[in-house]
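Here is how the chains run, residue by residue.
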Amino acid sequence: MLLVLTALIGLPLLTSGEGWSAWTVQSHVDGSATVRIRDLREAAGLERRLSEAGVAAHVTFAPEGKRCANGTGPSDVDQAAISVSFAEDAIVIHIGRFGDGSRLALVAFLLVGGGVEVDAAVVPRERPRCALRPL
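Remember, predicted model here, so these are calculated numbers, not experimental data.

## Some points on the overall build of the protein chain
Of regular secondary structure, the protein chain possesses one helix and 10 strands. Starting at the N terminus and walking to the C terminus, you meet the elements of the protein chain as β-β-β-α-β-β-β-β-β-β-β. Burial statistics for the protein chain: of 135 residues in total, 45% are counted as buried. Across the protein chain, contacts joining residues at least 24 apart in sequence account for 64% of those joining residues at least 6 apart. Split by element, the accessible area of the protein chain, about 6900 Å² in all, is 52% carbon and sulfur.

## Examining the pattern of salt bridges
Any two side chains of opposite charge can pair, on the condition that their charged atoms come close. Counted according to the given criterion, the structure contains six salt bridges. The shortest N-O distance in the salt bridge between arginine 36 and aspartate 89 comes to 3.1 Å. Residue arginine 36 is located in strand 3 (residues 33–37), and its partner aspartate 89 is located in the loop between strand 6 (82–86) and strand 7 (91–95); the two are separated by 53 residues in the primary sequence. The exposure class assigned to aspartate 89 is partly exposed, which follows from its relative accessible area of 23%. Arginine 41 is paired through a salt bridge with glutamate 42; the nearest N and O atoms lie 2.7 Å apart. Looking at glutamate 42, the relative accessible area reads 45%, which means it is partly exposed. Salt bridges sharing common partners tie together Arg36, Arg38 and Asp89.

## Remarks on the state of the cysteines
Such a bond, covalent and formed between the sulfur atoms of two cysteines, is termed a disulfide. This structure, assessed with the given rule, holds one disulfide. Paired through a disulfide, cysteine 68 and cysteine 130 show a sulfur-sulfur distance of 2.0 Å. When the S-S torsion is -110°, as for the bridge of cysteine 68 with cysteine 130, the disulfide is left-handed. Remark: cysteine 130 occurs in the loop between strand 9 (116–124) and strand 10 (132–134) and cysteine 68 occurs in strand 5 (residues 66–68); sequence separation between them is 62 residues. Cysteine 130 carries the same exposure label as cysteine 68, and that label is buried.

## What to know about helix 1 (residues 43–52)
Ala43, Gly45, Leu46, Glu47 and Leu50 are the residues of helix 1 that are buried. Of the surrounding elements, those touching the buried residues of helix 1 are strand 2 (23–27), strand 3, strand 4 (57–62), strand 7 and strand 8 (102–110). Trailing helix 1 by a residue or two, glycine 54 shows a phi angle of about 90°, which is positive.

## Side note on the confidence of the model for the protein chain
Residues at a pLDDT of 70 or more form 82% of the protein chain, whose mean pLDDT is 82. Taken together, the stretch residues 1–19 has pLDDT below 50 and engages in 51 contacts with residues farther than four places along the chain or on a different chain.

Rules of the game
- Residues numbered from 1 in each chain as written.
- Predicted model: local features only at pLDDT ≥ 70, side-chain atom pairs only at ≥ 80, totals over all residues.
- Heavy atoms only, no water.
- Helix = DSSP H or I, 4+ residues; strand = E, 2+ residues; numbered from the N terminus.
- Buried < 20%, exposed > 50% of the residue type's maximum accessible area, 1.4 Å probe, protein only.
- Contact = heavy atoms within 4.5 Å.
- Areas by Shrake-Rupley, 256 points an atom, 1.4 Å probe, with all protein chains shown as cover.
- Salt bridge = Lys/Arg side-chain N within 4 Å of Asp/Glu carboxyl O.
- Disulfide = S-S within 2.5 Å.
- pLDDT = per-residue confidence, 0-100.

Next up, the structure:
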């Protein structure tokens, strides 16, 4: 089954409070992980931390007015290993185990006028990273 995961929240912008990191990654003994994103910054650092937790990933935080070019984002790909929920202060992404031939594609877009859209899916490793283009 192919599904697209798009979640919308109405926060004008996720911001870090004192003592908070932009995001955290928690590994679980079953091989799954939980990511909490509080601020859309340091995508490369989140990608490295996910790798350390055993999750191969491409992470993109897209500025307002940008989207992934056709064929480069997580849309239209099976995402059964992922669920997204929202806490008061964060986007919470639960990542289940998935095969070695795959990786997590995670893209968070700032929306014009406020809010955040999240697309996440397990994609084949050879699928290109999100290439940003203007809307």
